[in-house]
Amino acid sequence: MSRLHPLAERHAVEKLGWLRAAVLGANDGTLSTGSLIVGVASSHATRGSILVAGLSALVAGALSMAAGEYVSVSSQADSEHADIAREKQELATDWDGEVTELAGIYQKRGLDGDLSRKVALALMKHDALGAHARDELGLSEATAARPIQAAFASATAFSSGALLPVLAAVLTPVAWVSWGVSLTSVVVLAVLGVVGALAGGAAPLRPALRVTFWGIVAMIVTGGIGRLFGV
């Protein structure tokens, strides 16, 4: 028999929502900002121009991520509010029909007819809207859309990933900025791949190799563009 207390049990799927957003945001910040700096540095630009490009990429990318996430999650929140309002109306006008609907959901999950109706009635007497929001619409307090929180988290994740390539550009001698930023970015991408895989309960090798490969491709392409159009 397991010695673990039921409340101590944890599953990787519980972390997938925030994990995906955080890793993707940091990945995007590292890859886009690092690639841009490599492209500018490869064009033989001055250190000042390189740093302006890197900081501009960091700020613009973070704001773009925040704005995109805010708009996307706001649309989700609007849909949730509309569904809740519709459910309130249905509960006010067709209580018996809503009981039958909820009981049908529980029957599909394995309860018999009598028990499913008793459960539906008991839950609806306690919190009718909450029961329908959770079991019919799939909504709960934990999964509710929060646009401002999502925007802030997305901008923070992007900035944290973009900061390291910018710091590498600051600390590396100007003649070696392309190599320094490329190496830093690829290492950070590999670490993000490993961390994301381990936190999600997956083997780390394949995700790390995958993100490292595409990082190297991006650096090569942007470096080539910089050399092609450089002065």
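This structure is a prediction, so every number in the text was calculated from the model and none was measured. (Residues numbered from 1 in each chain as written. Predicted model: local features only at pLDDT ≥ 70, side-chain atom pairs only at ≥ 80, totals over all residues. Heavy atoms only, no water.)

Within the secondary structure, Thr-30 is located in helix 1 (residues 16-42). Classification of Thr-30 by relative accessible area gives buried; the value is 0%. The contact partners of Thr-30, leaving out residues within four places of it in the chain, are Ser-35, Gly-161, Ala-162, Pro-165, Ser-185, Val-188, Leu-189 and Leu-192. (Helix = DSSP H or I, 4+ residues; strand = E, 2+ residues; numbered from the N terminus. Buried < 20%, exposed > 50% of the residue type's maximum accessible area, 1.4 Å probe, protein only. Contact = heavy atoms within 4.5 Å.)

In the numbering used here, UniProt assigns the feature "transmembrane region" (unreviewed entry) to residues 150-170, 176-199 and 211-230. Helix makes up 100% of residues 150-170 and strand makes up 0%, while its end C-alpha atoms are separated by 30 Å. Taken end to end, residues 211-230 has its terminal C-alpha atoms 28 Å apart, with 95% of it in helix and 0% in strand. (UniProt positions renumbered as here; feature names shortened; annotations may be inferred.)

Mapping Ser-185 onto the fold places it in helix 6 (residues 177-199). Residue classification places Ser-185 among the buried positions, given a relative accessible area of 0%. A polar contact of 2.8 Å, which involves the side chain of Ser-185, links it to the backbone oxygen of Val-181. Sequence-distant contacts of Ser-185, defined by excluding residues within four places in its chain, comprise Thr-30, Gly-34, Pro-165 and Met-219. (Polar contact = N/O pair within 3.5 Å; in protein donor to acceptor, adjacent residues only side chain to side chain.)

The description of two packed helices rests on the angle between their axes and on the distance between the axes. Put simply, helix 3 (residues 95-108) and helix 4 (residues 113-135) touch, their axes get as near as 8 Å, and they point 110° apart. As far as their axial angle goes, helix 4 and helix 3 are roughly perpendicular. For the pair helix 3 and helix 4, the crossing hand works out as right-handed. Residues Trp-95, Glu-98, Val-99, Thr-100, Glu-101, Leu-102, Ala-103, Ile-105, Tyr-106 and Gln-107 of helix 3 pack against Gly-113, Ser-116, Arg-117, Val-119, Ala-120, Leu-121, Leu-123, Met-124, Ala-128, Ala-131, His-132 and Asp-135 of helix 4. Here the contact of helix 3 with helix 4 is composed, by residue class, of 13 nonpolar, five polar and four charged. (Axes fitted to C-alpha atoms, helices over the stretch in contact; angles between N-to-C directions. Parallel < 35°, antiparallel > 145°, perpendicular 65-115°, else oblique. Left-handed = near helix turned anticlockwise from the far one by under 90°. Nonpolar A, V, L, I, M, F, W, Y, C, P; charged D, E, K, R; others polar.)

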